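Residue strings, one per chain:
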Amino acid sequence: MRLVLLLVAVVALAGCSSVDQDVAHLQQEQDAISAATRKIKVVARANVKGNPQYTVLGRAEGYCFNRPNETSGQVIHGDGLRAAAYREYGNQVDAIVNTSVWFVPDDDYGAYEPYDEGGYFECAGTAVHFTREPAPSPQPKPAPAS
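Now for a look at the structure at hand.

Criteria and thresholds
Residues numbered from 1 in each chain as written. Predicted model: local features only at pLDDT ≥ 70, side-chain atom pairs only at ≥ 80, totals over all residues. Heavy atoms only, no water. Core = buried A, V, L, I, M, F, W, Y, C linked by side-chain atoms within 4.5 Å. Buried < 20%, exposed > 50% of the residue type's maximum accessible area, 1.4 Å probe, protein only. Helix = DSSP H or I, 4+ residues; strand = E, 2+ residues; numbered from the N terminus. Contact = heavy atoms within 4.5 Å. Salt bridge = Lys/Arg side-chain N within 4 Å of Asp/Glu carboxyl O.

1. Observations concerning the nonpolar core
Within soluble globular proteins, side chains that are nonpolar generally end up buried alongside one another.
Part 1 of the argument: In terms of nonpolar packing, the biggest core is built from 17 residues, with Ile40, Leu81, Ala85, Tyr86, Val93, Ile96 and Ala127 touching the most fellow members.
Part 2 of the argument: For this core, the secondary structure elements donating two or more residues are α1 (2–38), β2 (54–64), α2 (81–89), β3 (95–105) and β4 (119–130).
Part 3 of the argument: The greatest single-element share of this core, amounting to five residues, is contributed by α2.
Part 4 of the argument: Non-local contacts of Tyr86, meaning those with residues more than four positions away in its chain, are made with Ile33, Ala36, Thr37, Ile40 and Asn91.
Part 5 of the argument: Core analysis: the second largest hydrophobic core is formed by six residues, Val48, Val97, Val128 and Phe130 among them.

Encoded structure:
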């Protein structure tokens, strides 16, 4: 009987260490995604200030609180737009352009006012990779000596 209890205890401890490793791995992965998505710019227009040339990677869709570049909202259903683009295209994503946002009601009836009905916001855009270094910001010219 003691041998059986000892074996059960060993198996239980081995299972716990495996779970701890999985949790640590998931935390590292989430930290990497968070760091990578911070650098991704999101704009509603077709060009990114300072980066006029880019290669289109493809469409990206995610969940938004309100606007695609909103940072104060909480994403409740899944990946935000930046994280969705990163998962699809990896470190190649420098920006998401031509973004749009729409309300998806939770019920069968169309919502008249998004904030009065149950639902959530989705957003989409085009993930792009910059093909050259950003243009330097213009330096103010010194005043002529008098």
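2. Re the pattern of salt bridges
Part 1 of the argument: Enumeration over the complete set of coordinates arrives at two salt bridges.
Part 2 of the argument: Between Lys39 and Asp94 there is a salt bridge whose closest N-O contact spans 3.5 Å. In this pair, Lys39 is assigned in the loop between α1 and β1 (41–42) and Asp94 in the loop between α2 and β3, connecting sequence segments 55 residues apart.
Part 3 of the argument: Assessed through its relative accessible area of 41%, Lys39 is described here as partly exposed.
Part 4 of the argument: A salt bridge links Arg59 to Glu61, with the shortest nitrogen-to-oxygen separation between them at 3.1 Å.
Part 5 of the argument: A relative accessible area of 44% means that Glu61 is categorised as partly exposed.

These values are about where atoms sit, not about what they do.
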